[in-house]
Amino acid sequence: MNAKKADKFATGVLYAVSGIIVLILAALLLYILIRGIPHISWDFLTKPSKAYQAGGGIGIQLFNSLYLLLITMLISFPISLGAGIYLSEYAKKNWVTDVIRTSIEILSSLPSVVVGLFGFLIFVVQMGYGFSIISGALALTFFNLPLLTRNVEESLKAVHYTQREAGLSLGLSRWETVMKVVVPEALPGILTGVILSSGRIFGEAAALIYTAGQSAPALDFSNWNPLSVSSPISIFRQAETLAVHIWKINTEGTMPDGAAVSAGASAVLILVVLLFNFGARFIGNRLYKRMTSA
């Protein structure tokens, strides 16, 4: 009986701790959303921001965040996919793989401010890219590589070894087995990790303050010259993102309705990150059911 009571008590403590964590998260999200959602409108989402007047929006900052996310994933995903395939399918247990795994762990533990300062010194100053989208994307690639690489590796390892044996028994080479059998089987897990890491990148601010810049030049959406600073597709222009915009408003904002703009932008940021998280679960489950007929 004492053992049963102790088990019930320990279980109750665990449930209580879990409930407290959920309540804290729910309270934080509700506080941000309740304050910010009343300020969200179509004009707020599409109009450019204003520095000294009321009524500004977050249109350019929202576009910059999505565009920077796209460029970052185009750079980091192929590298992470290759590294994950190597570590899962080809790497042997030796000092080389130990160094690679240790490097991944160290990268994952670096504060984003340190990554931003590294990006500032290398990409902004040494390589001469200046404050630009490409500088921010390259810095965020270092920030994103550990998470994506481990996700790809773990997704591939979760594929049962009989799938590999079946591919090899049909005469496929090892590389063909990986690309035509293992990777498609692991695709739901890989895609889930990609979407979750996208949400992490979308909400990043510290690393981008020193690399992508703190200003949002007016964009001409009819200008498709990739070398023009007013072109939306240029990767060599400054790009204040939504998270950086929120930080800037709360530190040095001069607009009369700064509190309302900050609250609305914070709510949009939270909603997009939640969309990434719930979208990852939904797409992952759909792909799993489609590919396994479950």
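Residues numbered from 1 in each chain as written. Predicted model: local features only at pLDDT ≥ 70, side-chain atom pairs only at ≥ 80, totals over all residues. Heavy atoms only, no water.

- In the nomenclature of an unreviewed UniProt entry, the protein is known as Phosphate transport system permease protein PstA of Candidatus Enterococcus lemimoniae.
- Comment text from UniProt for the protein, heading Subcellular location (unreviewed entry), reads "Cell membrane". (UniProt positions renumbered as here; feature names shortened; annotations may be inferred.)

## Here's the deal with the packing of aromatic side chains
Thought 1: For the structure shown, the criterion picks out 8 aromatic pairs.
Thought 2: On the numbers, 5.3 Å between centres and 80° between planes, the contact of Phe-63 with Phe-221 is edge-to-face. Taken together, the residues Phe-63 in helix 3 (residues 59-90) and Phe-221 in the loop between helix 9 (206-209) and helix 10 (242-252) connect sequence positions 158 residues apart.
Thought 3: On the accessibility criterion, Phe-63 (25% relative accessible area) is partly exposed.
Thought 4: Classification of Phe-221 by relative accessible area gives partly exposed; the value is 45%.
Thought 5: With a centroid separation of 6.1 Å and an interplanar angle of 35°, the aromatic rings of Phe-123 and Phe-142 are classed as tilted. Highlighted residues: Phe-123 in helix 5 (residues 112-126) and Phe-142 in helix 6 (residues 133-157), separated in sequence by 19 residues.
Thought 6: Taking relative accessible area as the criterion, Phe-142 reaches 30% and is therefore assigned partly exposed.
Thought 7: Taken together, Phe-63, Tyr-67 and Phe-221 form an aromatic cluster joined through their ring pairs. (Phe/Tyr/Trp six-rings, centres within 6.5 Å; stacked < 30°, edge-to-face > 60°. Helix = DSSP H or I, 4+ residues; strand = E, 2+ residues; numbered from the N terminus. Buried < 20%, exposed > 50% of the residue type's maximum accessible area, 1.4 Å probe, protein only.)

## Here's the deal with the packing of helix 6 against helix 8 (residues 174-202)
Thought 1: Two elements in contact, helix 6 and helix 8, have axes separated by 9 Å at closest approach and are oriented at 150°. Classified by the interaxial angle, the pair formed by helix 6 and helix 8 is roughly antiparallel. Of the two elements, helix 6 crosses helix 8, and the hand of that crossing is right-handed. Residues Leu-140, Phe-143, Asn-144, Leu-147, Leu-148, Asn-151, Val-152, Ser-155 and Leu-156 of helix 6 form the contact with helix 8, whose own contacting residues are Val-182, Val-183, Ala-186, Gly-189, Ile-190, Gly-193, Val-194, Ser-197, Arg-200 and Ile-201.
Thought 2: For the contact of helix 6 with helix 8, the per-class residue count stands at 12 nonpolar, 6 polar and 1 charged. (Axes fitted to C-alpha atoms, helices over the stretch in contact; angles between N-to-C directions. Parallel < 35°, antiparallel > 145°, perpendicular 65-115°, else oblique. Left-handed = near helix turned anticlockwise from the far one by under 90°. Contact = heavy atoms within 4.5 Å. Nonpolar A, V, L, I, M, F, W, Y, C, P; charged D, E, K, R; others polar.)

## Notes on helix 1 (residues 2-36)
Thought 1: Here helix 1 contains 35 residues, and its C-alpha end-to-end distance of 51 Å stays within 8% of the 51 Å for a straight helix at 1.5 Å per residue.
Thought 2: Within helix 1 the residues assigned to the buried category are Leu-29, Ile-32, Leu-33 and Gly-36. (Expected span 1.5 Å × (residues − 1).)

## A closer look at the environment of Ile-133
Thought 1: Mapped onto the elements of the fold, Ile-133 is located in helix 6.
Thought 2: Sequence separation between Ile-133 and Leu-208 is 75 residues, and the spatial gap between their C-alpha atoms is 9.1 Å.

## Some words on the UniProt feature "domain: ABC transmembrane type-1" (unreviewed entry) in the protein
Thought 1: What UniProt calls "domain: ABC transmembrane type-1" (unreviewed entry) maps, in this numbering, to residues 62-280.
Thought 2: With 73% helix and 0% strand, the stretch residues 62-280 has end C-alpha atoms that lie 20 Å from each other.

## Focus on the UniProt feature "transmembrane region" (unreviewed entry) in the protein
Thought 1: The feature "transmembrane region" (unreviewed entry), as given by UniProt, occupies residues 12-34, 66-87, 99-123, 129-148 and 258-283 in the numbering adopted here.
Thought 2: Across residues 99-123, the secondary structure splits into 92% helix and 0% strand, with the terminal C-alpha atoms separated by 25 Å.
Thought 3: The span residues 258-283 is 100% helical and 0% strand by assignment, and the distance between its end C-alpha atoms comes to 37 Å.

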